Amino acid sequence: MPIRPENVHRYPPDWPQISLAIKKRAGWRCECEGECGRGTHPGRCPNHHGAPAYGTGSTVCLTTAHLDHTPENCHPENLRAMCQGCHLHYDAGHHAVTRATTRARALTEAGQLTVDVGAAATPVMPPTRRQTPPTDPTPAAPGTEQLLLNLPAPCEGIHP
Ligand SMILES: [Zn+2]
Ligand SMILES: [Zn+2]
């Protein structure tokens, strides 16, 4: 999860080391056992860092999630290695939705939204949404958050 600028100061200076330790603890496999609420993986998530993600086949980028969404709480019990898909869903309602909405707009403006819709999230899209031109300047419609949360995020920009 990229750290929002206003939250940077809330992370300890050794966060990169902490995050790395959690991923090693996890054996570089997503530790989510359903906490994300996606309901798409029975038991522990099968995604391994650098391997193709189940469902989408895109490359998994392991991140470290705070179970209580509090950056200051870096106790190992509060940290969980998560693939980007689980992490984004787990954070939904906190800050991921805002980010996803921003990303939806960026994708829309770049004319890429229709491509992603067809590739990753057709089942969750309302039928009318696909008729919206990709260059539509209006803000993301309801339902776009759900769409974007299903999309893999590139590793670039994701805090270790
Ligand atoms: Zn996962
Ligand atoms: Zn999960």
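Residues numbered from 1 in each chain as written. Chains lettered and ligands numbered in written order. Predicted model: local features only at pLDDT ≥ 70, side-chain atom pairs only at ≥ 80, totals over all residues.

**Description of the nonpolar core**
By size, the foremost hydrophobic cluster in this structure holds 17 residues, and its most contacted members are Cys30, Cys32, Leu62, Ala81, Met82, Cys83 and Cys86. Secondary-structure elements contributing two or more residues to this core are β2 (79-82) and α2 (84-91). Of all the elements, β2 adds the most residues to this core, at 3 residues. (Core = buried A, V, L, I, M, F, W, Y, C linked by C-beta atoms within 7 Å. Buried ≥ 20, exposed ≤ 12 C-beta atoms within 10 Å, placed from the backbone. Helix = DSSP H or I, 4+ residues; strand = E, 2+ residues; numbered from the N terminus.)

**Observations concerning the pairing of β2**
A two-sided burial pattern is seen for β2, the buried positions comprising Leu79 and Ala81 on one face and Arg80 and Met82 on the other. The pairing of strand β1 (residues 63-66) with β2 spans 4 bridges and is classified as antiparallel. From the neighbouring strand, alanine 65 faces β2, where its bridge partner is arginine 80. (Pairing = 2+ DSSP bridges.)

**What to know about α2**
Across the 8 residues that make up α2, a large majority, 8, are buried. Every buried residue belonging to α2 is among Gln84, Gly85, Cys86, His87, Leu88, His89, Tyr90 and Asp91, and all of these are buried.

**A short note on the environment of asparagine 7**
The topology assignment puts asparagine 7 in the segment before α1 (15-25). You can call asparagine 7 exposed: it has 12 C-beta atoms within 10 Å. Here the alpha-carbon distance between asparagine 7 and proline 71, two residues 64 residues apart in the chain, equals 7.9 Å.

**Remarks on α1**
For α1, every residue scored as buried is listed here: Ser19, Ile22 and Lys23. The buried residues of α1 occupy one face: seen down the axis, they fall within an arc of 100°. Every exposed residue of α1 that faces more than 90 degrees away from the buried side is listed here: Gln17 and Lys24. Those residues of α1 hidden inside the fold are in contact with β1 and β2. Note on α1: the residue one or two positions beyond its end, glycine 27, has a positive phi of about 65°. (Arc of directions from axis to C-beta. Contact = placed C-beta atoms within 7 Å.)

**Overview of unusual backbone geometry**
For tryptophan 28, which is not glycine, the phi dihedral falls at a positive 60°. When you line up the elements, tryptophan 28 lands in the loop between α1 and β1. For histidine 69, which is not glycine, the phi torsion reads 60° and is therefore positive. Residue classification places histidine 69 among the partly exposed residues on the basis of 13 C-beta atoms within 10 Å.

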